[in-house]
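For reference, the chains in residue letters:
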Amino acid sequence: MKIKIIIPVIIATFVFVAGLSPLMAATTPPAQVRIDQLSKDFEPVEFDHASHVDMVGDCGECHHHTTGTASNDPDCMRCHNSGATGERVACRDCHAPDPFSADHLKTTSEDRKRYHRDLLGLKGAYHRSCTGCHEASGGPTGCLDCHLRTEAGDALFRAGKYTPAPTDKAAGH
Amino acid sequence: MSGISRRKFLTCTLVGAGATALSLKTTDAFASAKLEGYPDSMGVLVDLGRCVGCRSCEAACNREQHLPAPAQSFDDPSVFDQTFHNGQKRRTDEQAYTVVNRYEPTATDQPVYRKSQCNHCNEPACLTSCFVNAYTKTSEGAVIYNPNICVGCRNCMIACPFNMPAYSYSSATNPVIKKCIFCYDTRLKNGLPPACVEICPQQVMTFGHRKELIEIAHERIKARPDRYIDHLYGENEVGGTSWMYLAPAPFEEVGFDTTMNNEPIISNVKDFLGTVPMVLAIWPALFTGFHLLATRKHDIEQHGDDHSAHKEEEKKS
Ligand code: SF4
Ligand code: SF4
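Fair warning: this is a prediction, and the values are worked out from it, not measured in the lab.

## Details of the pairing of strand E9 (residues 243-246) of chain B
Residue and element names in this part refer to chain B. Side-chain alternation along E9 places Trp243 and Tyr245 on one buried face and Met244 and Leu246 on a second face that is also buried. Sheet topology places strand E1 (residues 42-47) next to E9; four bridges connect them, and they run parallel. By the bridge assignment for E9, Leu45 is matched with Met244.

Here you go:
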């Protein structure tokens, strides 16, 4: 008798929670997101999430199927045909900041049947998502359009005060 | 873990050479049995369609390998317009173990950028051609060399099908070969990806087990046949390489040699290797010969090979 009552309660709770999280995420998007993964060579980027929400409108454009909206990619839709598949909304929750670490490679190696084993890392996901869209919509695509370089970054690129003295040897012939 | 020892390689090759004498078929079997390389070899899958030509990878390599300052900033795109005689594009040299070049294939409306560096062959021709055992193929897949053993004979430069080893001119008395080592010392042997792979904003390069990268590459082609030429360059070329490429346009239009055989270059240097025991006996005479050859080649290159001529000019200026 008791079990018959408990099961529907569990199911109801599950449905409620699963339904709520994406909904909550969708209704309270952050106005700004600080992206500081490259902070050694570049200053953190203060990503203006709010203005991108206004511009793009559709969360699924960047968040695929994780924000309560269904994906726009017909390939994803074959499995993720409802939007309520993910409770993870932040990019880093799926796109690993260290996609080539020994630990990460081990997990993907052990799970070779996983469909998403060729998933982009966090940095690749950001750049390919941003630049792809920026290219198509005429947004900025130059590195320094979004990133300010640190002094270490200038040294790395031999730019700024680290720019090599001009010589005529670089001109080719 | 140690790599293929020179002796083991030589033994295999001599066995192979012996087999050639018996029957051609046996040699084929030998070659294909060796094609897989080390089972746990790591590799890099380079997806040219993703590259935006930012040259961060060149900068990262320069920092990681403590290479000298380049002639121009790494964020200066004017280098893509540089061509040398016969329209040859920039090449790797002793100051740059990797370079990115721009191509304009007819099949795409966007330019295609191609990063080049040592491909870390499964059966490295540089290794087999080196008669002082300066090279090692490590179990992680890297082809590394010991500069203290290198005598600067430049055999490997000539043997490499991809023209990767460069000759260091910085020391006239102790010239050595310089090339990409897969960041072996500082990264690969500690389970870390190379510096260029790590810095790339576009994830053009995927680092992983070579075997799995081959699967992933074919999955990418299958998922987006419109985006890729149906070929994984380096899967089989010259016996397979650790660095492999996917391209959105025909490979010959984006800087690849598509006339490459699937046989390792080993077979070409086999005859040379057969003479190695003899080398030990007549070393001094032979070495003088190599020296003469090397200086002669050098003279020729000053007139014939644009890149070396370019370097010579750099030295003078
Ligand atoms: S690409 Fe050239 S230098 Fe690199 S491993 Fe192959 S033969 Fe050797
Ligand atoms: S860092 Fe990546 S995107 Fe930039 S040039 Fe190198 S391979 Fe291309």
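Right, picking up where we left off after that structure.
## Re the site of ligand 2
Taken together, 13 residues are adjacent to ligand 2, and B:Cys51, B:Cys54, B:Arg55, B:Cys57 and B:Cys200 come closest. Looking at the shell around ligand 2 residue by residue, the class counts come to nine nonpolar, three polar and one charged.

## A short note on the interface of chain A and chain B
The partner chain B presents 48 residues to the 35 residues of chain A that form the contact. With both chains or domains summed, chain A and chain B bury close to 3,400 Å², and 49% of this area falls on carbon and sulfur atoms. Scanning the region where chain A abuts chain B turns up six salt bridges. Here B:Arg224 ties to A:Asp73 by a salt bridge, and the two come within 3.5 Å at their closest N and O atoms. Our count for the contact surface shared by chain A and chain B stands at 15 residue pairs in polar contact (both at pLDDT 80 or more). Among the secondary structure elements, those contributing two or more residues to the side of chain A that touches chain B are helix H5 (102-110), helix H6 (122-137) and helix H8 (151-157) of chain A. If one sorts the elements of the side of chain A that touches chain B by residue count, H6(A) sits on top with six residues. Considered class by class, the residues forming the side of chain A that touches chain B number 14 nonpolar, eight polar and 13 charged.

## So, the side chain of B:Thr138
Considering the arrangement of structural elements, one finds B:Thr138 in the loop between strand E4 (135-137) and strand E5 (143-145). Within the structure, B:Thr138 has its side chain in polar contact with the side chain of B:Glu140 (distance 2.8 Å).

## Observations regarding the nonpolar core
Core analysis: the largest hydrophobic core is formed by 64 residues, its most contacted members being B:Tyr135, B:Met205, B:Phe207 and B:Trp243. Excluding residues within four positions of it along the chain, B:Tyr135 makes contact with B:Cys126, B:Leu127, B:Cys130, B:Val143, B:Ile144, B:Tyr145, B:Cys156, B:Pro165, B:Ile177 and B:Lys179.

## Some details on the pattern of salt bridges
As enumerated under the stated definition, the model contains 19 salt bridges over all chains in all. Close ionic contact of A:Lys161 with A:Glu151 constitutes a salt bridge, the shortest N to O distance being 2.8 Å. One end of the pair, A:Lys161, is in the segment after H8; the other, A:Glu151, is in helix H8, with ten residues separating them in the sequence. In this structure, the salt-bridge partner of B:Glu58 is B:Arg90, at a minimum N-O distance of 2.9 Å. Taken as a pair, B:Glu58 in helix H3 (residues 56-64) and B:Arg90 in the loop between H3 and strand E2 (99-103) lie far apart in primary sequence, 32 residues in all. We classify B:Glu58 as buried; its relative accessible area is 4%. Owing to a relative accessible area of 12%, B:Arg90 belongs among the buried residues under this scheme. Salt bridges here are not isolated pairs; linked through shared partners, they connect A:Asp118, B:Asp47, B:Arg50 and B:Arg220.

About the criteria used
Residues numbered from 1 in each chain as written. Chains lettered and ligands numbered in written order. Predicted model: local features only at pLDDT ≥ 70, side-chain atom pairs only at ≥ 80, totals over all residues. Heavy atoms only, no water. Buried < 20%, exposed > 50% of the residue type's maximum accessible area, 1.4 Å probe, protein only. Helix = DSSP H or I, 4+ residues; strand = E, 2+ residues; numbered from the N terminus. Pairing = 2+ DSSP bridges. Near = heavy atom within 4 Å. Nonpolar A, V, L, I, M, F, W, Y, C, P; charged D, E, K, R; others polar. Contact = heavy atoms within 4.5 Å. Buried area = accessible area lost by both parts, 1.4 Å probe. Salt bridge = Lys/Arg side-chain N within 4 Å of Asp/Glu carboxyl O. Polar contact = N/O pair within 3.5 Å; in protein donor to acceptor, adjacent residues only side chain to side chain. Core = buried A, V, L, I, M, F, W, Y, C linked by side-chain atoms within 4.5 Å.

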